[in-house]
Amino acid sequence: MASPVVESLSKKGNSTILTLVVVMTRLLVVVLKPLRQPRVIAEILGGVILGPSLLGRNEAFANTIFPLRSVMVLETMANIGLLYFLFLVGVEMDLAVIRRTGKKAISIAVGGMILPFLIGCGFSLVKSRVSTAHAAEAASTNGTFVLFLGVALAVTAFPVLARILAELKLLNTELGRVAMSSALVNDICAWILLALAIALAENDSNSLASLWVILSSAAFVAFCIFAVRPAIMWMIRRTPEGENFSDFYICLILTGVMISGFITDAIGTHSVFGAFVFGLIIPNGPLGVTLVEKLEDFVSGLLLPLFFAISGLKTNIRAVTEPLTWLRLVVLISIACIGKVFGTAVVAYFYNMEIREGITLGLLMNSKGLVEMIVLNVGKDQKVGT
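The structure reproduced in this document is the subject of the present report. (Residues numbered from 1 in each chain as written. Predicted model: local features only at pLDDT ≥ 70, side-chain atom pairs only at ≥ 80, totals over all residues. Heavy atoms only, no water.)

So, on to helix H12 (residues 247-267). Look at H12: 30 Å from first C-alpha to last across 21 residues, which is about the 30 Å you get at 1.5 Å a residue. Residues of H12 that are buried: Tyr249, Ile250, Ile253, Gly256, Val257, Ser260, Gly261, Thr264 and Ile267. Along the axis of H12, the buried positions cluster into a sector of 140°, meaning they face one direction only. Summarising the geometry of H12, the exposed residues directed more than 90 degrees from the buried face are Asp247, Phe248, Phe262 and Ala266. (Helix = DSSP H or I, 4+ residues; strand = E, 2+ residues; numbered from the N terminus. Expected span 1.5 Å × (residues − 1). Buried < 20%, exposed > 50% of the residue type's maximum accessible area, 1.4 Å probe, protein only. Arc of directions from axis to C-beta.)

Here it is in structure tokens:
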């Protein structure tokens, strides 16, 4: 029979976990502040500490603080928070920046992605040959695994890079503008490749189904650009300059985020793809600022840490016991990071940037965070590479 304390915590499980996650994240933010680490590092570490890697190893702690029923509810809340966070990322992206920097940003972004992708391809081929006995099975899963691994290694976390540049007061410098523009191109390419990888993962035995998913996703993007964006522009025109936007309009847009996520999930891509695209079509200006002001603190401060906590509950670092596996992991990450720095520096040198600036740009483009966590979680849900 469960003790009265356990029963009490189970009844209040959702609020208990939420409070614990927020407090843990805030404490780690304070601890890591002297090291000038971005907040996302504290959120990731908080999830790992609460998970089976550390505190979650204690069965009594895990069953008391993280009962299954509460975890399922909080996982739903975390996914909703993730949707709205990706929506905000899309809202804050200024696609006009790419036009201002032109080919330079696109070339640097592509140059920084190619080598990590090739490294991911090589590693996935080795892994498939070692872990898969049947050649046919290896061939059917390898393409999807290459995409997931390539995206995880090659992508630059745009929100994390923006925070780092702001903290270092580099946001308005030439280096900062090039880094932000390149990261923006990198992120867009990553989301396109992720959507393709999900389509292949869910329909790996049916190439026509994968083609249908890709075409449906393209149709969804076109609908957002040519139908939804004009409707939002109409809302902006109906609002007199200097006045607040109607709560009805804000509610319509926030509902549109959920609908977009539902549509892309039903199509066969992930719901975060729909939320991200919906955010991209919001015009830069007063409406975007209003949406960020209303959502950012609630989403980033309360719901997003739940996503990291849930990810931490799914992660058990102690499960990796073989030294050779750890060695492979360290080598893979190190080579991918070096490859990204090298590729970025070479393209930067081609555009008459100094070697030192090119290396600095490559290090900045190695910023990792939430986007990689999303890619890895989606890959795990799709059972890719297992």
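Now that the structure has been shown, we can carry on.
Below, the discussion takes up the packing of aromatic side chains. Per the stated rule, a full pass over the model turns up four aromatic pairs. When the ring of tryptophan 234 is compared with that of tyrosine 249, the centres are 6.4 Å apart and the planes differ by 65°; the resulting orientation is edge-to-face. Taken together, the residues tryptophan 234 in helix H11 (residues 207-238) and tyrosine 249 in helix H12 connect sequence positions 15 residues apart. With a relative accessible area of 41%, tryptophan 234 lands in the partly exposed category. Geometrically, the ring pair formed by phenylalanine 350 and tyrosine 351 is edge-to-face, given 5.5 Å between the ring centres and 85° between the ring planes. Judged by its relative accessible area of 27%, tyrosine 351 is partly exposed. Every member of this aromatic cluster is reached through a ring pair, and the members are Trp234, Phe248 and Tyr249. (Phe/Tyr/Trp six-rings, centres within 6.5 Å; stacked < 30°, edge-to-face > 60°.)

Even without a glycine there, the phi angle at asparagine 352 is positive, about 65°. Among the structural elements, asparagine 352 can be located in the loop between helix H15 (323-350) and helix H16 (355-365). A residue is classified by how much of its surface remains accessible, and asparagine 352, at 75% relative accessible area, is exposed.

Bringing the nonpolar core into the picture now. Counting 95 residues, the largest nonpolar core has Phe87 and Ile282 as the members making the most contacts within it. At 13 residues, the largest contribution of residues to this core is made by helix H10 (residues 174-202). Contacts of phenylalanine 87, omitting those with residues within four sequence positions, involve Ile253, Val257, Ala275, Phe278, Gly279, Ile282, Leu291 and Leu295. Formed by five residues, the second largest nonpolar core is a distinct cluster that contains Phe145, Leu149, Leu153 and Leu332. (Core = buried A, V, L, I, M, F, W, Y, C linked by side-chain atoms within 4.5 Å. Contact = heavy atoms within 4.5 Å.)

This part is about helix H3 (residues 39-50). Between the first and last C-alpha of H3 there are 17 Å, a value that for 12 residues agrees with the 16 Å anticipated at 1.5 Å per step. Where H3 is concerned, the buried positions are Val40, Ala42, Glu43, Gly46, Gly47, Val48 and Leu50.

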